[in-house]
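Here is what each chain is made of, one letter per residue.
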Amino acid sequence: MIAAPASLTHTAAVARLGHALSDPTRAGILLALRENAAYPADLAESLGVSRQVMSNHLACLRGCGLVESVPDGRRSRYRLTDEHLAPALDELMRVVLIVEPDCCSGEGCTC
């Protein structure tokens, strides 16, 4: 049996997620935020990009509805917008390991 075709809304949502994941920095941000919220400066340092580049990518991810800013005193931290995103990203990493098994170094891998 063939599944019913996706609605335009569903198709657009999947395309938005694909756009968010199409850049290595944005993908790195999403994977970094699976465990905890983080400050943009810390994300920039851990991913090896400038703060301006990080700001641009965070704006894109906000626009895609995947991350949100959480005020923390005079600073803001970023987190995933929904509790379902972290397990979905974990599952996506398992799929990546099927498609590209050499992407992980084994014991030290934190996928």
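Residues numbered from 1 in each chain as written. Predicted model: local features only at pLDDT ≥ 70, side-chain atom pairs only at ≥ 80, totals over all residues. Heavy atoms only, no water.

Quick word on the overall build of the protein chain
Counting its regular elements, the protein chain contains five helices and two strands. Helices and strands in the protein chain line up, N terminus first, as α-α-α-α-β-β-α. Dimensions of the protein chain, computed from C-alpha atoms along their principal axes, come out at roughly 55 × 40 × 25 Å. Out of the 111 residues belonging to the protein chain, those deemed buried represent 27%. For the protein chain, contacts bridging at least 24 residues in sequence account for 49% of all contacts bridging at least 6. (Helix = DSSP H or I, 4+ residues; strand = E, 2+ residues; numbered from the N terminus. Buried < 20%, exposed > 50% of the residue type's maximum accessible area, 1.4 Å probe, protein only. Contact = heavy atoms within 4.5 Å.)

Topic: the side chain of Thr25
Within the secondary structure layout, Thr25 lies in helix H2 (residues 24–32). For Thr25, a relative accessible area of 17% corresponds to the buried category. Setting aside its immediate chain neighbours within four residues, Thr25 contacts Leu47, Val49 and His57.

Notes on helix H5 (residues 85–99)
For H5, with 15 residues, the first-to-last C-alpha span of 21 Å sits near the 21 Å given by 1.5 Å per residue. Looking at H5, one finds that the buried residues are Leu85, Ala86, Leu89 and Met93. One side of H5 carries all its buried residues, which in axial view fall inside an arc of 95°. Buried residues along H5 sit in contact with helix H1 (8–21), H2 and strand E2 (75–80). (Expected span 1.5 Å × (residues − 1). Arc of directions from axis to C-beta.)

With respect to the pattern of salt bridges
Considering all chains together, one arrives at four salt bridges under this definition. Of the charged contacts, one joins Arg79 and Glu68 as a salt bridge, the two residues approaching to 2.6 Å between their closest N and O atoms. Taken together, the residues span a long stretch of sequence, with Arg79 in strand E2 and Glu68 in strand E1 (residues 67–72) at a distance of eleven residues. For Arg94, the salt bridge identified is with Glu91, shortest N-O distance 3.1 Å. Here Arg94 and its partner Glu91 are both found in helix H5, three residues apart, which amounts to about one turn of the helix. (Salt bridge = Lys/Arg side-chain N within 4 Å of Asp/Glu carboxyl O.)

Some words on the state of the cysteines
Tallied over the entire structure, the rule returns zero disulfides. Not engaged in a disulfide, the cysteine Cys60 finds its nearest cysteine sulfur in Cys64; these two sulfurs lie 4.3 Å apart. Given a relative accessible area of 12%, Cys64 falls into the buried group. (Disulfide = S-S within 2.5 Å.)

A few points about the UniProt feature "domain: HTH arsR-type" (unreviewed entry) in the protein chain
On the UniProt side, "domain: HTH arsR-type" (unreviewed entry) is annotated at positions that read residues 6–100 here. Structurally, residues 6–100 is divided into 62% helix and 13% strand, and its ends, taken at the C-alpha atoms, are 28 Å apart. (UniProt positions renumbered as here; feature names shortened; annotations may be inferred.)

A short note on the side chain of Asp23
You can see Asp23 is positioned in the loop between H1 and H2. Buried charge without a salt bridge: Asp23, with Arg26 as the nearest opposite-charge side chain at an N-O distance of 4.5 Å. Reaching out from Asp23, the side chain makes a polar contact with the backbone nitrogen of Arg26 at a distance of 3.1 Å. (Lys, Arg positive; Asp, Glu negative; His and termini not counted. Polar contact = N/O pair within 3.5 Å; in protein donor to acceptor, adjacent residues only side chain to side chain.)

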